[in-house]
Amino acid sequence: MGFWDGLFPRRTAQFESGSASSNAIELTKRHTTVSLSKQGAVSGNLRVNLSWQMRTSDIGGRSRQSGQLLRHPFKLFKPEVVQAHTQGMVNVDLDIGCLYELTDGSRGVVQPLGNFFGSLNAPPYVKLSGDDRFGAPSGETIFVNLDHAEQIKRLLVFVYIYDQTPAFDRTHAVVTLYPSNGPRIEIALDERAPQARSCAVVSIENVKGELIVRREVKFVYGFQAELDRLYGWGLQWGRGYKTKV
């Protein structure tokens, strides 16, 4: 691959069969859904991982305008200045959570805030592994027990900034689904959403017995209550806090 090919890669279509080189499906604005049922991944544990990092040399990397790169391609290698911050590193704590609705009508949330870690072998069949506050490589992971898929009506995986700077576009956050069979499914949170505190990332819905994964990527300026209103969950919300580390 030549130098200019690296700077301006050709756009390639994303298909449900995934990428042969990476064995991954990237859900985008143009290709928003994939069926877990069609790839035979409706049993075992579905792993949903949030990974993110803050690097001073990459701040603003994906949010740069393509027009500026065309005129000044070597700016790709020059770090941008972070406005309104005295430190090069922007502090942020991303958390993953999941709203669930079961076929018996029960609804709730699995999230670090409030220590709602869920359960894997009992309702809601959704469990959070732990709370990563520092952007560790392993990130945070939610497990969904698809051996009980017939009891799950819909799930909404979301990410929120618990504290510090609202800067989704500077975290290089990616939510990745690892089914029991077939390629992994990736959703990047690389859109500019200044001041947004939360993002509905991906939904998993039981549609006439078929499990459909849908890219959402809808940013909101509030927290869980606003996501609840947007998707009609109907839960009661109160202010919560984490224990200090």
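Predicted, not measured: the structure shown is a model, and the values here were computed from it.

1. Some thoughts on the overall build of the protein chain
Right, on to step 1. The helix and strand tally for the protein chain stands at three helices and 13 strands.
Right, on to step 2. Long-range pairs, those at least 24 residues apart, make up 68% of the contacts in the protein chain with a sequence separation of at least 6.
Right, on to step 3. Surface summary for the protein chain: the accessible area is close to 13,400 Å², and the carbon and sulfur share equals 50%.

2. Considerations on helix α3 (residues 224-231)
Right, on to step 1. Inspection of α3 places Gln-224, Leu-227, Asp-228 and Tyr-231 among the buried residues, and these make up the whole buried set. The buried side chains of α3 occupy one side of the element, clustering within an arc of 105° when seen end-on.
Right, on to step 2. A positive phi of about 65° marks Gly-232, the residue just after α3.

3. Looking at unusual backbone geometry
Right, on to step 1. Residue Pro-124 is reached from Pro-123 by a cis peptide bond, and omega for that bond is 15°.
Right, on to step 2. With respect to the secondary-structure elements, Pro-124 resides in the loop between β6 (118-119) and β7 (126-128).
Right, on to step 3. In this structure, Asn-115 takes a positive phi of about 60° despite not being glycine.
Right, on to step 4. Using a relative accessible area of 56% as the deciding quantity, one classes Asn-115 as exposed.
Right, on to step 5. Of note in this structure, Tyr-125 is not a glycine but carries a positive phi near 65°.
Right, on to step 6. Take Tyr-125: it is sitting in the loop between β6 and β7.

4. What about the sheet that holds strand β3 (residues 45-51)?
Right, on to step 1. With mixed pairing, the seven strands of this open sheet are ordered in space as β1-β11-β10-β3-β8-β7-β6. Two strands in the sheet have a free side with no partner beyond their single neighbour: β1 (24-26) and β6.
Right, on to step 2. Direction of pairing for β7 relative to strand β8 (residues 140-145): antiparallel, over a ladder of three bridges. Within β8, the residue paired with Lys-127 across the bridge is Phe-143.

5. Structural notes on the pattern of salt bridges
Pairs can form between side chains of opposite charge whenever their charged atoms are close.
Right, on to step 1. Scanning the entire structure with this criterion turns up six salt bridges.
Right, on to step 2. The shortest N-O distance in the salt bridge between Glu-186 and Arg-184 comes to 2.8 Å.
Right, on to step 3. Given the relative accessible area of 23%, Glu-186 is considered partly exposed.
Right, on to step 4. Via salt bridges that share partners, Glu-101, Arg-107, Lys-153 and Arg-154 belong to a single interconnected network.

6. Topic: the packing of aromatic side chains
Right, on to step 1. Considering all chains together, one arrives at one aromatic pair under this definition.
Right, on to step 2. The cationic tip of Arg-47 hangs over the ring face of Tyr-178; the distance from NZ or CZ to the ring centre is 4.0 Å.
Right, on to step 3. A cation sits over an aromatic face here: Arg-154 above Trp-233, 3.6 Å from the ring centre.

7. What about the nonpolar core?
Across soluble globular proteins, nonpolar side chains show a tendency to be buried alongside one another.
Right, on to step 1. Residues Val-159, Phe-168 and Leu-177 are the most contacted members of the largest nonpolar core, which totals 43 residues.
Right, on to step 2. Leu-177 has contacts with Leu-46, Arg-47, Val-48, Arg-184, Ile-185, Ile-187, Val-202, Ile-204 and Val-213, leaving out every residue within four places of it along the chain.
Right, on to step 3. Core analysis: the second largest hydrophobic core is formed by eleven residues, Tyr-160, Ala-200, Val-220 and Trp-233 among them.

8. Here's the deal with the environment of Glu-205
Right, on to step 1. The topology assignment puts Glu-205 in strand β12 (residues 198-207).
Right, on to step 2. Measuring from C-alpha to C-alpha, the distance between Glu-205 and Lys-153 comes to 6.0 Å, with 52 residues separating the pair along the chain.
Right, on to step 3. Leave out the neighbours within four places in its chain, and Glu-205 touches Lys-153, Arg-154, Glu-210, Leu-211 and Ile-212.

9. As for the confidence of the model for the protein chain
Right, on to step 1. Overall, the predicted model of the protein chain reaches an average pLDDT of 77, with 67% of residues at or above 70.
Right, on to step 2. A low-confidence stretch, residues 56-66 stays under pLDDT 50, and its non-local contacts, those more than four residues away or across chains, total 22 contacts.
Right, on to step 3. Every residue in residues 75-89 scores below 50 in pLDDT, and together they form 24 contacts with partners more than four places removed in sequence or on other chains.

10. Here we look at the side chain of Asn-145
Right, on to step 1. Within the secondary structure, Asn-145 is located in strand β8.
Right, on to step 2. A polar contact is formed between the side chain of Asn-145 and the backbone nitrogen of Asp-147, at a distance of 3.0 Å.
Right, on to step 3. If we ignore the near neighbours within four places in the chain, the residues touching Asn-145 are Gly-44, Asn-45, Leu-120, Asn-121, Tyr-125 and Ile-152.

The rules we used
- Residues numbered from 1 in each chain as written.
- Predicted model: local features only at pLDDT ≥ 70, side-chain atom pairs only at ≥ 80, totals over all residues.
- Heavy atoms only, no water.
- Helix = DSSP H or I, 4+ residues; strand = E, 2+ residues; numbered from the N terminus.
- Contact = heavy atoms within 4.5 Å.
- Areas by Shrake-Rupley, 256 points an atom, 1.4 Å probe, with all protein chains shown as cover.
- Buried < 20%, exposed > 50% of the residue type's maximum accessible area, 1.4 Å probe, protein only.
- Arc of directions from axis to C-beta.
- Pairing = 2+ DSSP bridges.
- Salt bridge = Lys/Arg side-chain N within 4 Å of Asp/Glu carboxyl O.
- Phe/Tyr/Trp six-rings, centres within 6.5 Å; stacked < 30°, edge-to-face > 60°.
- Lys NZ or Arg CZ within 6 Å of the ring centre and 35° of its normal.
- Core = buried A, V, L, I, M, F, W, Y, C linked by side-chain atoms within 4.5 Å.
- pLDDT = per-residue confidence, 0-100.
- Polar contact = N/O pair within 3.5 Å; in protein donor to acceptor, adjacent residues only side chain to side chain.

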